[in-house]
Structures are given as C-alpha cells and as structure tokens.
Amino acid sequence: MSTTRGRIAALLAVAAVALTGCGDDSDPSASEPSTDAPSQAPSDDSTPEETGLESPCPPQLRESLPEGLRPDACWAHSDLERPVLADGIVFALEPDASDPTAARHVIALDAETGDRLWKSSVLPGPASGLRATEVGGDPGVAVVVTESDAGDALTEASAAWGYLAWPADAGGDDGGDAGSEDPAFEPEVHITAPQSELAATDVYWTDQGLLAGDQFLAPGAAEFTTVNRDPEPMVIGDYDLDERFAGVSGDLLLSYVKGVAWTPDGPENGSTHVGWLARSADGTEAWNTVTGTPNEEDSLFGEGPNQLTIIVGGYVLTVTPTDENYTTFELSWLDAATHEAVTPTPADLAGAEPAAAAADVMAGETGTLLSPDGTHLFASWSTLAVIVDIEAGTVTRVPTDFGIQGWAVDDTTVYGSTENGTLTIDLASGEATAIEPPHESFEMVDGEFGAAILEGAVGEPSYLVGGRRTS
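Residues numbered from 1 in each chain as written. Predicted model: local features only at pLDDT ≥ 70, side-chain atom pairs only at ≥ 80, totals over all residues. Heavy atoms only, no water.

## Details of the overall build of the protein
A count of helical and extended segments in the protein gives 2 helices and 35 strands. When each of the 471 residues of the protein is scored for burial, the buried share is 50%. Put simply, of all contacts in the protein between residues at least 6 apart along the chain, 50% involve residues at least 24 apart. A total of about 20,800 Å² of accessible surface is found on the protein, and carbon and sulfur atoms cover 46% of it. (Helix = DSSP H or I, 4+ residues; strand = E, 2+ residues; numbered from the N terminus. Buried < 20%, exposed > 50% of the residue type's maximum accessible area, 1.4 Å probe, protein only. Contact = heavy atoms within 4.5 Å. Areas by Shrake-Rupley, 256 points an atom, 1.4 Å probe, with all protein chains shown as cover.)

## Topic: the sheet that holds strand S34 (residues 449-454)
Taken in spatial order, the 4 strands make up an open sheet running S1-S35-S34-S33, and their pairing is antiparallel. Where the open sheet ends on each side, the last strands, each with one partner, are strand S1 (69-78) and strand S33 (444-446). Neighbour-to-neighbour, the strand axes of the sheet open up by a mean angle of 20°, direction not taken into account. Here S34 runs beside strand S35 (residues 463-469); their pairing, made up of 6 bridges, is antiparallel. Its bridge partner lying in S35, Ile453 is registered against Leu464. (Pairing = 2+ DSSP bridges. Axes fitted to C-alpha atoms, helices over the stretch in contact; angles between N-to-C directions.)

## A closer look at the confidence of the model for the protein
Looking at the protein as a whole, the pLDDT averages 79, with 77% of positions reaching at least 70. When pLDDT is averaged over each helix and strand of the protein, the minimum, 33, is found for helix H1 (residues 48-51) and the maximum, 97, for helix H2 (residues 346-349). Confidence over residues 1-53 falls short of pLDDT 50; this stretch has 143 contacts with residues more than four positions distant or in other chains. pLDDT under 50 marks residues 150-156. Its contacts with residues more than four places away, or in other chains, come to 11 contacts. (pLDDT = per-residue confidence, 0-100.)

## A look at the state of the cysteines
Following the criterion strictly, the structure yields 1 disulfide and no others. Two residues, Cys57 and Cys74, share a disulfide whose sulfurs are 2.1 Å apart. Here Cys57, found in the loop between H1 and S1, pairs with Cys74, found in strand S1; they are 17 residues apart in sequence, far enough to count as distant. According to the relative accessible area criterion, Cys57 is buried, its value standing at 0%. (Disulfide = S-S within 2.5 Å.)

## Brief notes about the sheet that holds strand S11 (residues 209-212)
Taken in spatial order, the 4 strands make up an open sheet running S10-S11-S12-S13, and their pairing is antiparallel. Taken across any chain shown, the strands that pair with only one partner, and hence form the sheet edges, are strand S10 (203-206) and strand S13 (225-226).

## Structural notes on empty space enclosed by the protein
Left-over empty space is what a probe sized like a water molecule reveals as it rolls over the atoms. A complete count under the given rule lists 2 cavities of 30 Å³ or more for this structure. Here the largest cavity defines a volume of roughly 50 Å³. Of the residues that constitute the lining of the largest cavity, the class distribution is 4 nonpolar, 4 polar and 2 charged. (1 Å grid on protein atoms, 1.4 Å probe; cavity = no way out; pocket = protein on both sides within 12 Å on 5 of 7 lines; lining within 4 Å. Points joined across faces, edges and corners; volume = space filled by probe spheres on them. Nonpolar A, V, L, I, M, F, W, Y, C, P; charged D, E, K, R; others polar.)

## Considerations on the nonpolar core
Where a protein is soluble and globular, its nonpolar side chains tend to be buried together. Membership of the largest hydrophobic core comes to 20 residues, with the highest contact counts inside it found for Val312, Trp333, Leu349 and Leu377. The set of elements that each furnish at least two residues to this core consists of strand S21 (308-312), strand S22 (315-321), strand S23 (329-335), strand S26 (376-381) and strand S27 (384-389). Among the nonpolar cores identified, the runner-up in size contains 19 residues, and Val84, Val106, Leu164 and Ala168 belong to it. (Core = buried A, V, L, I, M, F, W, Y, C linked by side-chain atoms within 4.5 Å.)

## A look at the packing of aromatic side chains
By the definition in use, this model includes 7 aromatic pairs. With a centroid separation of 6.5 Å and an interplanar angle of 40°, the aromatic rings of Tyr163 and Trp205 are classed as tilted. With Tyr163 in strand S8 (residues 160-167) and Trp205 in strand S10, this pair connects stretches of sequence that are 42 residues apart. Judged by its relative accessible area of 11%, Tyr163 is buried. Here Tyr415 and Phe442 contribute two aromatic rings whose centre-to-centre distance is 5.6 Å and whose plane-to-plane angle is 90°, an arrangement assigned as edge-to-face. (Phe/Tyr/Trp six-rings, centres within 6.5 Å; stacked < 30°, edge-to-face > 60°.)

## Some remarks on the side chain of Ser271
Within the secondary structure, Ser271 sits in strand S18 (residues 266-279). In contact with Ser271, other than residues within four places in its own chain, are Gly259, Val260, Ala261, Thr293, Pro294 and Asn295.

## Describing a negative patch on the surface
Negative charge collects at one region of the surface, where Asp87, Glu134, Asp138, Asp169 and Glu188 lie side by side. The residue Glu188 is located in the loop between S8 and strand S9 (189-194) in this model. Accessibility expressed as a relative area gives 53% for Glu188, which makes it exposed. (Patch = residues over 30% accessible without salt bridge, like charges linked within 9 Å, V, L, I, M, F, W, Y side chains within 5 Å. Salt bridge = Lys/Arg side-chain N within 4 Å of Asp/Glu carboxyl O. Lys, Arg positive; Asp, Glu negative; His and termini not counted. Charge placed at Lys NZ, Arg CZ, Asp CG, Glu CD.)

## Regarding the environment of Asp207
Inspection of the secondary structure assignment puts Asp207 in the loop between S10 and S11. Beyond its immediate sequence surroundings of up to four residues, Asp207 is in contact with Arg131, Pro219, Gly313, Ala352 and Glu353. At 3.4 Å, the side chain of Asp207 forms a polar contact with the side chain of Gln208. Polar side-chain contacts of Asp207 include one of 3.3 Å to the backbone nitrogen of Glu353. (Polar contact = N/O pair within 3.5 Å; in protein donor to acceptor, adjacent residues only side chain to side chain.)

What follows is the structure, encoded as structure tokens:
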C-alpha cells in the first residue's frame, strides 16, 4: 500500500545541474523556477460526456500532469487533503462546507475515474493522520483525530485520541450519496484513549501498529495500551547516551543510540557508543547492540561510525559507509524481536513500510521507501541517496548533487524531487531522470494507478489529479 510522504512544491523548473550522470543534457538556462499554476475552475467545455469521466481534468491542468497520466483519461478534484492510494481507491480529507477551516470528511474516490464512492460523517475533531489500512481483513482507511467530546473518552479527560476506520466499500453495494449535506457513513471501527501530552503531533504509523503519544494500538486490537515513552536512559559512567526513537516493531519500541561517555581522565579518553536499543511497552530494556569505540587521542568530539539505521517490518537494518567518499557500504540486518543476525528475503519484507531511525552519514532528514514487492529499499539523506537490492545484498548510490525527496515507489521506479525539479529513479540501475517542467512526478502509485497534488498559486485551489498510468 502506498502512503503520501509529503507535498511537492508547485511546478519547479528542472536545472541541468540537478542530476549528475543521468543523461540529462537540458539547457541550463531553462532552470528558472516556474510560477505558473492552475488558476481556473473546470470550464464548461470539459464535460463528463467528452471524456467518459465524472471528474475530468480541467484544460488548464492537462499540460502539467505527471508524466504517465493521459490528459484525455484523468480526473481532478480541488482542495482535497492528505490523500492516500490503495487497492484502486483514493482516500482523502475534504473540508466541510459548513466549516471548511475546522471540519473534515473522509472521502473515497475511484482511482481510475475519480468518481466519489462515499463520504463519511464529519470527523469529531482535527485529523492527525490518514492511512490506508485493513478493516476486518479488507482494504480500508483510518484516521486519527483529537476528539473534544468528553462523553466519548474513556476517562474524565476533556479530549481523547480517536482512531476511526472505514472499509473501502463503506458506501455499500449501491455506492454512497457523496453529494449529501449530511452523509450517514459512520466509521466501522471507533476506538478512543486518553490524549497524550504530544498527541497533536506525535503520531507514528507503521505496519506494526499505531503509536499516538504514549498510546499504542496493535493491528486488530480493540483498545489502546499505554507505553512508556520516557524510560530511564542508558547510562555509561556519568553520561546519558542519546536515544533517537525510531518506531515500533512487534511489541517493541526501537531506538538508535549514539552518545559519548568521557572518562574522568579527560576527553582524550572518551568513547562513542553506537547501536540499537529495544524496549518493551513498560520501558524495560529487551536487548541492545550498543558497543563503544574509543575516541582518538586529543579528540574533542565523539568519534564512532556514521550509520544509516532503518526499521523494515520485523527487521532492523544498519547501512555503514566503508570509505570516506560514501561510495561503498556494508549492510547489517537483525531480527527486531531477537536481535539475531538474519538475511531477510524480498518476500519477508513485501508490504512493509520502512522508518528511518537516524542518518549520521550527513546532516539532514532521512526518507525511506520500499518497493511493494520488497526487492528494493530507497533511502535518502542530505545530498546522498542509495538503493538497497534486498536479494543481492548490494547498495547502489544514486548520482545526484542535490538532496532527493522520494514521494512514491512502485516495483521498478521511485518518483520524487530535488530542489530544482521532479525526477524518476530506476531501482535496478540507480539512474535518475529529470522530468521536464511543467510536469510533476507521481506522489502516490499503486499498481496501474497514480495520483499527485498540483499546487495552485496563493489564493487559488490545488488539485488532486489521478487515473490509470500509461506504460
């Protein structure tokens, strides 16, 4: 299943220097940012009768569509938020007409035609995340909200976490009345728990479960359980080591540790401690692989290896550069439950959604994507991007001088952007290819369907566009 990783800035031009070694010989003079954006409502001369679609793309969008969407066979909806695509259905949040600044509905769209299949009742509070998931073993969508109805909470608190989920066919066999002012599609699953201090922002969605603040909901569970997100720190001598929370795997909370412990003799005798740390729900340490590396003499700062660390389903991966130029890498896999060394196969990983714990190789936020078939893992940080071939156990660096943000992935291609424009990356070769403006890359792909957000200028609508992808 695909998830939205973010929003692409609107219609940036592609510079020739955006990619190196990618066969892009476009004129550098074409690198000026484009400020053109959709500015009109769908015109009357674009009708469903012309295209056979209920929501055809307005003419002004057709030149800007992601490459691979046919202008005569795509759809568009304005001002939808946080879309996700799975199993032929696009789910999104839609502002409520009566209070568009605060109230939202969940809507479901046919990924091929853009037809609205159903629309939920108004959400009981602000949405913290939307996710394609399973509801009773079938495709569906879930949203986490912060509810303000004290009577719906499990405690006397005035607010609570609410997990609401709908099956993909919530509208029934005859479809839903998506145009109704008062749709009646209530969530099939509704679970509440006391709101955490960081509840509004601290949400981790993984295929292993949902962690909202200090409340955890395992797949298929009927209630949240409390977890200890503030355990006693790992201490070496007089020094607390830095734990960077990575996410959940099974019933364990996983962190990556990197910290320096100096000796009483002075900084020249310090050691840097690096490794994985797993804790149970109550904060008790389950296992750790933290080891110390003595710092070099007269070192004023910590040494130790630079590593990229990622959770992939029931496994943890450490990627360590083996040369100063970061051209070769060493892979180390552990079973997250036992911390034993393993070599997972693509079948073991297929369907998992990776989460990066830390990227010490260079500063910058890390992004990760796993191809649906589990064969390739894409990771990017700062100006580096790599592709891990799971079966071969090899790492290929993507040739680029700019940081790459990957948005979507299928079994062969990553879709994403650099600061100079959008691009695709071939998973087998690592070759990156710039997409000429005004086109964007897909933000969501799922099999034969794709979708993306086309941002409007200030004060103008953005559009969610999608449809069947061409070859």
